[in-house]
Amino acid sequence: MSPTAAQEHRPHGTRRHSAHPTGSDALRAVDADVPGAVRGVLAELLARRLTAAEAVDPLFARDLAARVARFTEDGGKYSRSRLVWWGMRACGGDRSVLRATLRVGAALELIQTCALVHDDVMDGAPVRRGRPSLHAEIADRYASETSAPRAARLGHASAILAGDLALAWADDVVADTELSRTTAREVRDLWRAMRMEMVAGQYLDVHGEATSARSLSRAIRAACLKSALYSVERPLALGAALAGATPTTTRALCSAGRCVGIAFQLRDDLLDVYGDPRDTGKPPGGDIRSGKPTYLAAVAQARAETAGDGHALAVLRDTLGRADLSDAELAAVREVFEVTGARGTVEAKIDRLVAQGLRHLDGALLAPHAGNTLRALLRSAAGTPPPETPDAAPDDVVPVSLSLTTPDEGARR
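Residues numbered from 1 in each chain as written. Predicted model: local features only at pLDDT ≥ 70, side-chain atom pairs only at ≥ 80, totals over all residues. Heavy atoms only, no water.

**Brief notes about the nonpolar core**
In this structure, Trp-85, Trp-191 and Leu-378 are the most contacted members of the largest nonpolar core, which totals 115 residues. When near neighbours in sequence (up to four residues on either side) are disregarded, Leu-378 contacts Leu-83, Val-232, Leu-236, Val-260, Leu-358 and Leu-361. (Core = buried A, V, L, I, M, F, W, Y, C linked by side-chain atoms within 4.5 Å. Buried < 20%, exposed > 50% of the residue type's maximum accessible area, 1.4 Å probe, protein only. Contact = heavy atoms within 4.5 Å.)

Listed below in structure tokens is the structure:
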């Protein structure tokens, strides 16, 4: 393997776990640092794939494979792999599924790479995690060797291929994970459903941008498909499947994941508008400039229409979807979100959804320590502080229409 492909993808100063924890305290060792354990497994998996990529073609290995590996290992909070781990632990999973759970967690990080790289292309986002997005990085790399349009086109095409490669690697990891026949079938079914839901949610997102469709119900449905299922519910369900959880416990985790997952997306919508770029890793207002049909924007529009607020409606009409939006115009949109009460409404809904989600866990027989850790992790995912929040109002219950149950997975939900 060439030094470029083999070494450049590795983050410097990153603490690594052994990919094969040993001893009676192996589970507790992973408990203490789940991201570190997943990184250890990823390092092993990605090293093998980079060797294979180098054998196929050195340029491909350097330009695409190494960037996919570096992107996957370097960034993110490893929230999905944490959820699959603590879902497994809360459901009483033991040492026998430790390795398999870490591998599934690694696969989730790879599919997240696919989603983010493709998302940046679709959004035209130049920055991700505080550094150039993958398509922008490749375009910059070749800017001196060809024309600007050709370099940009190469960047976009390369990012699509890089996302495809990450997805293929993720599928390979799941397929090669050693599991019992029953567990393997359940994990494959969940994985298959999650991939389709993720794509469907992203399509609703880009379709809404193009058509300016901003209904409240559509925004929640897109949030459910794109984020709630993929980011929270499915990782928890995978952890439950790996642990061999009962149907009752699995349903409780899935219900909790659905509620908290929607809250997670609503929080992300707020962070895009109000978050500090030093924390979010990208400039504010990206959703506004792309015209993304967020729940926040849908609430603001609905409230402005109800109140007959012509000024607020004009601001939304003239700014949402404007790629050249100025800082002053972005500030005007923020003001509309405030004066219409949209921001407060979304904040309150997040709190109620998290409280509702945590109540779903109350009926499940979870391992005490792991169950408490899982609750804290779910609160953190939605950006909700530890103190108890008000009970959910009846109209905040996630409707049956968002269950999205298919015939081959209904028994698990």
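Following the structure, the description resumes.
**A few points about the packing of aromatic side chains**
Taken as a whole and judged by the stated rule, the model has 0 aromatic pairs. Sitting over the face of the ring of Tyr-78, Arg-39 holds its NZ or CZ atom 4.6 Å from the ring centroid. The aromatic ring of Tyr-274 is capped on one face by Arg-343, whose charged end is 3.8 Å from the ring centroid. (Phe/Tyr/Trp six-rings, centres within 6.5 Å; stacked < 30°, edge-to-face > 60°. Lys NZ or Arg CZ within 6 Å of the ring centre and 35° of its normal.)

**Some points on unusual backbone geometry**
With phi around 55°, Tyr-78 is a residue other than glycine that occupies positive phi space. Position of Tyr-78 among the secondary structure elements: in the loop between helix H4 (58–74) and helix H5 (79–90). (Helix = DSSP H or I, 4+ residues; strand = E, 2+ residues; numbered from the N terminus.)

**Comments concerning helix H9 (residues 181–211)**
Helix length check: H9 (31 residues) gives 45 Å between terminal C-alpha atoms against 45 Å at 1.5 Å per residue, within 8%. With its phi angle positive at about 60°, Ser-212 sits one or two positions after the end of H9. (Expected span 1.5 Å × (residues − 1).)

**Digging into the packing of helix H14 (residues 295–307) against helix H17 (residues 342–362)**
Axis separation between H14 and H17 bottoms out at 9 Å; the angle between their running directions is 130°. Considering their axes alone, H14 and H17 lie oblique with respect to each other. In this structure, the crossing between H14 and H17 has a hand that is right-handed. Contacts from Tyr-295, Leu-296, Val-299, Ala-300 and Arg-303 of H14 reach H17 at Ala-342, Arg-343, Thr-345, Val-346 and Lys-349. Tallied by class, the residues present in the contact of H14 with H17 amount to 6 nonpolar, 1 polar and 3 charged. (Axes fitted to C-alpha atoms, helices over the stretch in contact; angles between N-to-C directions. Parallel < 35°, antiparallel > 145°, perpendicular 65-115°, else oblique. Left-handed = near helix turned anticlockwise from the far one by under 90°. Nonpolar A, V, L, I, M, F, W, Y, C, P; charged D, E, K, R; others polar.)

**Some points on H17**
In an α-helix, one turn spans 3.6 residues; hence positions three or four apart end up facing the same way. Between its first and last C-alpha, H17 extends 31 Å over 21 residues, near the 30 Å set by a 1.5 Å rise per residue. Turning to H17, its buried residues are Ala-342, Val-346, Lys-349, Ile-350, Leu-353, Val-354, Ala-355, Gln-356, Gly-357, Leu-358 and Leu-361.

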